[in-house]
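Single-letter residue listing:
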Amino acid sequence: YFNWRINKELAEKEENGIRELVLRMDQSLRSDGLPIEGFEFIHSTKKMLEITREIEDEIKKSPQEVTLYVGFQNIDKLDKEISRYQDLRSMGIRINAFGINEASEKYSGAIDHWTRIDESPSNVENQWFLVVENPSPIAFVGWEISDDLFAKGKLSDPGKKFQGFVSSDIRVVRSLMQHLDSIQLSNSEGPNTAEEVARNIGRGV
């Protein structure tokens with residue numbers, strides 16, 4: 001088990017927090033094996049968006065069953081992505097999404113499961129991320145370090161800052177998926193899926 005939580009004091013020094021996380025990741029996940037492979041630091045939000053689109057486009061081509069874990073930070077950020085994620089879901093791709101606030105009925109066709117989380121700039125589940133094991137393992141995390149604007153506004157807003165990384169190492173991918181599964185499980189006491197939310201809305205709950 002790896003602690004997917006950033007050191008907040010180092011995070012305030014921008015990339016230092018991410019580098020500390022990655023160093024811990026390498027030490028923890030490599031065990032007696034090789035260092036973490038297929039790894040790249042990312043400093044540009046433009047590059048992060050390009051990687052996001054590449055992952056989304058790549059999984060459309062997979063003949064295998066695919067489960068995509070995706071972090072929107074805030075449910076409102078799914079608004080501009082609804083058609084894209086409806087398309088992914090219509091192709092049989094399972095979408096497990098994470099962010100703050102509740103998912104309403106309008107998102108039911110775009111995601112399979114919504115895990116509502118409390119706001120925390122230190123936790124990976126609060127960040128912009130995509131993780132998938134098939135057809136090729138890849139984990140991308142864009143860590144927001146702009147506290148005053150955290151999970152608010154657009155990428156292009158003045159003052160928005162991200163530091164991130166991408167890795168194709170299966171140890172990183174599976175560790176992050178394991179962590180997200182545990183967050184989903186621990187937050188599953190109430191209705192989390194968009195379908196469950198929609199059904200409860202219909203019943204007046």
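Provided above is the structure to which this section pertains.
Only a predicted model underlies this, so the values are computations on that prediction, with no experimental measurement involved. (Residues numbered from 1 in each chain as written. Predicted model: local features only at pLDDT ≥ 70, side-chain atom pairs only at ≥ 80, totals over all residues. Heavy atoms only, no water.)

Colleague: Tell me about the overall build of the protein, and please be specific about residues and values.
Modeller: Helix and strand counts for the protein come out as six helices and seven strands. If you list the helices and strands of the protein from N to C, you get α-α-β-α-β-α-β-β-β-β-β-α-α. Taking all 205 residues of the protein together, 46% fall into the buried category. Long-range pairs, those at least 24 residues apart, make up 67% of the contacts in the protein with a sequence separation of at least 6. (Helix = DSSP H or I, 4+ residues; strand = E, 2+ residues; numbered from the N terminus. Buried < 20%, exposed > 50% of the residue type's maximum accessible area, 1.4 Å probe, protein only. Contact = heavy atoms within 4.5 Å.)

Colleague: How would you summarise the nonpolar core if you had to cite specific residues and measurements?
Modeller: Counting 28 residues, the largest nonpolar core has Leu68, Val70, Tyr85, Ile95, Leu130 and Phe140 as its most contacted members. Looking at this core, the elements that each hand over two or more residues are helix 3 (45–59), strand 2 (67–74), helix 4 (82–90), strand 3 (94–100), strand 5 (128–132) and strand 7 (162–167). No other element matches the four residues that helix 3 contributes to this core. Ignoring any residue separated from it by four or fewer positions in sequence, one finds isoleucine 95 in contact with Leu68, Val70, Tyr85, Leu88, Ala110, Ile111, Asp112 and His113. Residues Ile18, Met25, Ile117 and Val173 belong to the second largest nonpolar core, which totals 26 residues. (Core = buried A, V, L, I, M, F, W, Y, C linked by side-chain atoms within 4.5 Å.)

Colleague: Explain helix 4 to me, and be specific about the residues and the numbers.
Modeller: Every buried residue of helix 4 is accounted for by Ile82, Tyr85 and Leu88. Buried residues in helix 4, looked at end-on, bunch into an arc of 125°, giving them a common side. In helix 4, the exposed positions angled more than 90 degrees off the buried face are occupied by Ser83 and Ser90. Contacts from the buried residues of helix 4 go to helix 3, strand 2, strand 3 and strand 5. Once helix 4 finishes, glycine 92 follows within two positions and takes phi at roughly 90°, a positive value. (Arc of directions from axis to C-beta.)

Colleague: Which residues make up the sheet that holds strand 3, and what are the values?
Modeller: If you walk across this open sheet you meet the seven strands as 1-7-6-5-2-3-4, and the pairing is mixed. Sheet topology places strand 1 (39–42) and strand 4 (113–116) at the edges, where each strand pairs with a single neighbour. Within the sheet, the average angular offset between the axes of one strand and its neighbour, ignoring direction, is 15°. Where strand 5 meets strand 6 (residues 138–144), five bridges bridge the pair, whose relative direction is antiparallel. (Pairing = 2+ DSSP bridges. Axes fitted to C-alpha atoms, helices over the stretch in contact; angles between N-to-C directions.)

Colleague: Now, about the pattern of salt bridges: what can you tell me, with residues and values included?
Modeller: Applying the stated criterion across every chain, the model contains 14 salt bridges. Among the salt bridges present, the one from aspartate 57 reaches arginine 84, with a minimum N-O distance of 3.7 Å. Of this pair, aspartate 57 sits in helix 3 while arginine 84 is found in helix 4, placing the two residues 27 residues apart along the sequence. Owing to a relative accessible area of 27%, arginine 84 belongs among the partly exposed residues under this scheme. Notably, a salt bridge pairs arginine 171 with aspartate 169, separated by 2.7 Å at the nearest N-O pair. Shared partners join several salt bridges into a network, and the residues in it are Arg53, Glu56, Asp57, Glu81 and Arg84. (Salt bridge = Lys/Arg side-chain N within 4 Å of Asp/Glu carboxyl O.)

Colleague: Quick one: what's the story with the packing of aromatic side chains, residue by residue and with numbers?
Modeller: Evaluation of the coordinates by the stated rule reveals seven aromatic pairs. Taking the centre distance of 5.2 Å and the plane angle of 80° together, the rings of phenylalanine 39 and phenylalanine 41 count as edge-to-face. Overall, phenylalanine 39 belongs to the partly exposed group, its relative accessible area being 25%. Seen in terms of ring centroids, phenylalanine 98 and phenylalanine 129 are 5.8 Å apart; in terms of plane orientation they differ by 55°. Their pairing is tilted. With phenylalanine 98 in strand 3 and phenylalanine 129 in strand 5, this pair connects stretches of sequence that are 31 residues apart. Across the pair, exposure class does not vary: phenylalanine 98 and phenylalanine 129 are buried alike. Aromatic rings pair up to connect Phe39, Phe41 and Phe165 into one cluster. (Phe/Tyr/Trp six-rings, centres within 6.5 Å; stacked < 30°, edge-to-face > 60°.)

Colleague: Can you break down unusual backbone geometry residue by residue, with the values?
Modeller: For the bond from asparagine 134 to proline 135, the omega torsion is 0°, close enough to zero to count as cis. By the element assignment, proline 135 lies in the loop between strand 5 and strand 6. Phi at glutamine 73 takes a positive value of approximately 70°, unusual for a residue other than glycine. Mapped onto the elements, glutamine 73 comes out in strand 2.

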